[in-house]
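Next come the chains, spelled out residue by residue.
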Amino acid sequence: MVALKLKTGSDELALLELPWSTPLADWPEDWSLAIPAGLHRHVVRFVTLNGVTLALKELPPRLAEREFDLLDRLREEAMPSVRLVGIVTDRVDAEGEPMEAVLVTRHLRYSLPYRHLFAEDAYVTLRDRVIDALVILLVRIHLEGFFWGDCSLNNALFRRDAGSLQAYLVDTETASWYATLSDGQRQLDLDIAVENVLGGLFDLEAEGLLADDVDPENVADLLLLRYQELWSELRGIEEVPTGDLGRIHQRLARLNALGFDTEEYELHQRDGIARFRPTIVEEGHHRRLLQRLTGIEAQENQARRLLSALRGYAAWLSQSEGAVLPDAVAAYRWLTERWTPTLERLPTEVRGRLEDAEVYHQILEHNWYLNERLGVEQPLEHAVQDYIDNVLVNASDERTVLP
């Protein structure tokens, strides 16, 4: 009899019906979809139960418990990572011999493995965004004292985010949590990331799957450069003449544009020079604001785009009705008059291929494109129908893209 430990809110009791006395490598094809060999240290399988796709990873009980705890803390710290479901222990085979434990996580809907992004022509516009997303993830966890130890393209998943991507941490086998990371620890983690990214792309190249326009060494160099730039932006001390304090606001604006919320900063003034550095930074400024105003769950860039649309509509309402609307009223009007009617126009057969927030962003982009092409502003309803007919019907279903 196996032991199943589930996180609060997980209801995948159907897990008990799976053939736990059989090693994952020997599961029949009708039970699971196997990941291609060589991508993971341990055997990993995907199963679909009650319409939910789960990832199962087989590893020694001690390592499984450790990864369970790390993923749980990542969730508590609101770090972008896969959702923990539970852990299966006390497995025995048909002869009664002890077997490895299995860590269970929920497959991230609408996530794209890097192999799709770097191999398929359909994703050419997103390739440059992969490294930016991985860099932001790496910097975020380093700010929290989290040493990944095996940062790679294979150990992350990527979701569309209004023309960009957001990276999610998948594998924490080699990770450790500290109060803070030293510069040496950060550099070691960064060196591992650069080496792994380079190796992953060389593997794709050897398999004949890497797109012709991708140079592995350039990508690895870009990772190193972007990390150093972002870390300096977040933690570097800047000396600003007291007559040019606008540079402080420009830096804070750049951080907000990256999704980091600066709640405090150090400012020391001496001899006409102000020394400035943000001290508390947190990702998700726009996402939290959108959720608070509308209840919509979105990625950071999607949230920024939707908030811009909301504010533009609120300004139009205020002008046409002769009164400035409170934020809550403007948000409600935008939801009921723009967001909901737009999504309800999507045919059932294509609704859900992309996340709602991503679809709405793409519709806004498509509307702008039509306005530019035709030289006259098009009603949103026309843009929605044109987007459905010429874009969405040809889009791949990205709800469950497995490696």
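Cut-off values and rules
Residues numbered from 1 in each chain as written. Predicted model: local features only at pLDDT ≥ 70, side-chain atom pairs only at ≥ 80, totals over all residues. Heavy atoms only, no water. Helix = DSSP H or I, 4+ residues; strand = E, 2+ residues; numbered from the N terminus. Buried < 20%, exposed > 50% of the residue type's maximum accessible area, 1.4 Å probe, protein only. Areas by Shrake-Rupley, 256 points an atom, 1.4 Å probe, with all protein chains shown as cover. Pairing = 2+ DSSP bridges. Contact = heavy atoms within 4.5 Å. Axes fitted to C-alpha atoms, helices over the stretch in contact; angles between N-to-C directions. Phe/Tyr/Trp six-rings, centres within 6.5 Å; stacked < 30°, edge-to-face > 60°. Parallel < 35°, antiparallel > 145°, perpendicular 65-115°, else oblique. Left-handed = near helix turned anticlockwise from the far one by under 90°. Nonpolar A, V, L, I, M, F, W, Y, C, P; charged D, E, K, R; others polar. Patch = residues over 30% accessible without salt bridge, like charges linked within 9 Å, V, L, I, M, F, W, Y side chains within 5 Å. Salt bridge = Lys/Arg side-chain N within 4 Å of Asp/Glu carboxyl O. Lys, Arg positive; Asp, Glu negative; His and termini not counted. Charge placed at Lys NZ, Arg CZ, Asp CG, Glu CD. Core = buried A, V, L, I, M, F, W, Y, C linked by side-chain atoms within 4.5 Å. pLDDT = per-residue confidence, 0-100.

(A) The arrangement of the overall build of the protein chain in detail. Counting its regular elements, the protein chain contains 11 helices and 14 strands. Buried residues in the protein chain amount to 50% of all 403 residues. As displayed, the protein chain offers around 19900 Å² of accessible surface, 48% of which is attributable to carbon and sulfur atoms.

(B) Up close: the sheet that holds strand 10 (residues 164–169). Strand order across the open sheet formed by three strands is 7-9-10, with antiparallel pairing between neighbours. Taken across any chain shown, the strands that pair with only one partner, and hence form the sheet edges, are strand 7 (111–112) and strand 10. The strands touched by helix 8 (residues 300–321) are strand 9 (156–161) and strand 10; relative to strand 9, the strand with the most contacts, the crossing angle is about 10 degrees.

(C) View of the packing of aromatic side chains. This model, assessed by the stated rule, comprises seven aromatic pairs. Ring centres of Y227 and W231 lie 6.1 Å apart, and the angle between their planes is 10 degrees; on these two criteria the pair is classed as stacked. Taken together, the residues Y227 and W231, both in helix 5 (residues 216–235) and four residues apart, mark about one turn of the helix. Both residues of the pair, Y227 and W231, belong to the buried class. For the pair Y313 and W316, a centre-to-centre distance of 5.6 Å together with 20 degrees between the ring planes defines the contact as stacked. One end of the pair, Y313, and the other, W316, are both in helix 8, three residues apart, so they sit about a helical turn from each other. Looking at Y313, the relative accessible area reads 11%, which means it is buried.

(D) The arrangement of the packing of helix 7 (residues 285–294) against helix 8 in detail. Orientation of helix 7 relative to helix 8, taken along the N-to-C sense of each, is 50 degrees, at an axis distance of 7 Å. With respect to their mutual orientation, helix 7 and helix 8 come out oblique. Viewed along their axes, helix 7 and helix 8 form a crossing whose handedness is left-handed. Along the contact surface, helix 7 presents H285, H286, R287, L289, L290, L293 and T294, while helix 8 presents E300, A303, R304, L306, L307, L310 and R311. Here the residues of the contact of helix 7 with helix 8 sort into seven nonpolar, three polar and four charged.

(E) Molecular detail of a negative patch on the surface. Residues E205, D215, E217 and D221 make up a contiguous surface patch of negative charge. In this fold, E217 is placed in helix 5. Note on E217: relative accessible area 49%, which makes it partly exposed.

(F) Looking closely at unusual backbone geometry. Residues other than glycine seldom take positive phi values, yet D90 does so here, at roughly 60 degrees. With respect to the secondary-structure elements, D90 resides in the loop between strand 5 (83–89) and strand 6 (101–106). Located in the positive-phi region is A162, a residue other than glycine, with phi close to 55 degrees. Take A162: it is sitting in the loop between strand 9 and strand 10. Owing to a relative accessible area of 15%, A162 belongs among the buried residues under this scheme.

(G) Fine view of the nonpolar core. Ranked by internal contacts, the top residues of the largest apolar core, which has 56 residues, are F118, F146, W148, L153 and F158. Here this core takes nine residues from helix 3 (residues 127–143), the largest share from any one element. Among residues more than four places away in sequence, those in contact with F146 are L70, L74, I141, L169, T172, A175, S176, W177, L181 and D189. Listed in part, the 32 residues of the second largest apolar core include A303, L317, W339 and Y360.

(H) Broad picture of the environment of S318. Inspection of the secondary structure assignment puts S318 in helix 8. Taking C-alpha positions, S318 is 9.0 Å from A330, a pair spaced 12 residues apart along the chain. Aside from chain neighbours lying at most four places away, what touches S318 is A323, V324 and L325.

(I) How the structure looks around the confidence of the model for the protein chain. Summing up the model confidence of the protein chain, the mean pLDDT is 84 and the portion of residues at 70 or higher is 86%. Model confidence for the protein chain, summarised as mean pLDDT per element, is weakest for strand 2 (residues 33–34) at 50 and strongest for strand 8 (residues 146–147) at 96. Taken as a whole, residues 34–38 scores under 50 in pLDDT and shows seven contacts with residues more than four places along the chain or in a different chain.

(J) Quick look at the pairing of strand 4 (residues 52–59). Of all eight residues making up strand 4, seven are buried, and the element is well covered by its neighbours. Of the pairings in the sheet, the one linking strand 3 (residues 44–49) to strand 4 comprises six bridges and is antiparallel in character. Counted as the bridge partner of L49 is V52 from strand 4. Between strand 3 and strand 4, which follow one another and run antiparallel, lie two residues, and N50 among them has a positive phi close to 55 degrees. Pairing of strand 4 with strand 6, which is carried by six bridges, proceeds in the antiparallel orientation. Residue pairing across strands places L54 opposite R106, the latter belonging to strand 6.

(K) Main features of the environment of A156. Turning to its location among the elements, A156 is positioned in strand 9. Placed 22 residues apart in sequence, A156 and L134 show a C-alpha to C-alpha distance of 7.8 Å. Contact partners of A156, with chain neighbours within four places excluded, come to L134, W148, Y168 and V170.

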